[in-house]
Amino acid sequence: MNPYYEVEWYDRETNTRVFIVIDQLMGGLAAGGIRMSPTVTMEDIRTLAHLMTKKNSVMGIPLGGAKVGIVGDPGGADKEEKLRAFGRMAESLLKTKLLIGEDMGISSQNVKSIYESISFNPIELVVQIRQQQGLQIQMPEGKNIDDLLSETFMDYLAGFGLMEAMEEAAHLINLDLEQAQVGLQGFGTVGSGIAMLLLEKGSTITAVSDAHRCMYRQTGFSLPELQVLKEHGGVI
């Protein structure tokens, strides 16, 4: 099945190339993270958007799948400039049907800054569309956009699905996660989220690796120690 929508944009002023794929809309909305990498391609984003549709379906989330790719160095000095360029180019999509989140090279603060650059609150979009469908959505008392785009909530959201799968797998092989020693490949949004949830379960995280290096400690790492990695883009 072909994607519902895909586009490649280029902003000459900031040398920013963007790939956007909306695999499917569900109830008028699609959601997916933004990936920033010097090597990201349209094919990557197309595949990831389709996987987001499957993920949302399996998790029972009433949203279609989407993905965004921004060609660039997430550690570069021009990162904010490229994020603002993306916001300008994608403003009409962001205000009508596309919800964005974290992915490789992008933090929750980056997502928040994109929405701020176009003076838009995505909660308003969800509430508006669901009201048109006869549904009423209310934010929990005392919660706002800052809560939904906080590092802790975004990490939890990213790690939740993987945690569910790990618990099911552990049950099938009779593995007690409270006694488990765990190694993590990567420590971006998903790695940070699953680390938080595993530590809550009582697991010991003894190893973390990225594409180039690995660190190991027999007695395990604490969450504050591991969070330092995320501050450096998940790089050891």
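For the structure, check the block above.
Computed from a prediction, not measured in an experiment: that's the story for all the values here. Along each chain, residues carry numbers from 1 onward, in the same order as the chain's sequence is written. Local features in this predicted model are restricted to residues whose pLDDT is 70 or higher, and side-chain atom pairs enter the listing and the counts only when it is 80 or higher, whereas totals over whole chains, interfaces and linings include all residues. Calculation of side-chain values draws on the structure's entire complement of heavy atoms; hydrogens and water are dropped beforehand.

Undergrad: How do you make sense of helix α4 (residues 122-132) when you look at a structure like this?
TA: Inspection of α4 places Pro122, Ile123, Leu125, Val127, Ile129 and Arg130 among the buried residues, and these make up the whole buried set. Between the side-chain oxygen at the start of α4 and the backbone nitrogen of Ile123 there is a gap of 2.9 Å, and the oxygen is on Asn121. Every helix listed is a DSSP run of H or I at least four residues long, and every strand listed is a run of E at least two residues long, numbered separately from the N terminus. Following α4 by one or two positions, Gly134 has its phi on the positive side, about 85 degrees. Three labels apply to residues, based on accessible area from a 1.4 Å probe with only protein chains included: buried if under 20% of the type maximum, exposed if over 50%, partly exposed otherwise in between. Distance and chemistry together define a polar contact, namely a pair of N or O atoms within 3.5 Å, with one atom able to donate a hydrogen and the other to accept it when in protein, and with adjacent residues in sequence counting only for side-chain atoms on both sides.

Undergrad: Help me out: how do you make sense of the packing of aromatic side chains in this one?
TA: Here the distance between the centres and the angle between the planes together describe a pair of aromatic rings. Ring pairs shown here join Phe, Tyr and Trp side chains whose ring centres sit within 6.5 Å, with only the six-membered ring taken for Trp; geometry is labelled stacked below 30 degrees between planes, edge-to-face above 60, and tilted in between. A complete count under the given rule lists 1 aromatic pair for this structure. Seen in terms of ring centroids, Tyr115 and Phe120 are 6.4 Å apart; in terms of plane orientation they differ by 40 degrees. Their pairing is tilted. Comparing Tyr115 with Phe120 shows no difference in burial state: the two are buried.

Undergrad: Just to check I follow, could you spell out the pairing of strand β2 (residues 16-22) for this structure?
TA: Across a regular strand the side chains alternate sides, sitting on one face of the sheet and then on the other. Here β2 lies mainly inside the structure; 6 of its 7 residues are buried. Relative to β2, strand β1 (residues 5-11) is paired through 7 bridges, and the arrangement is antiparallel. Following the sheet pairing, Asp11 is matched in β2 by Thr16. Pairing between strands is defined by DSSP: at least two bridges between the two strands are required. If you look at the hairpin formed by β1 and β2, you'll find 4 residues sitting between the two strands, and Asn15 has a positive phi there, around 55 degrees. Pairing analysis gives 6 bridges linking β2 to strand β4 (residues 64-71), with the strands arranged antiparallel. Residue pairing across strands places Phe19 opposite Gly69, the latter belonging to β4.

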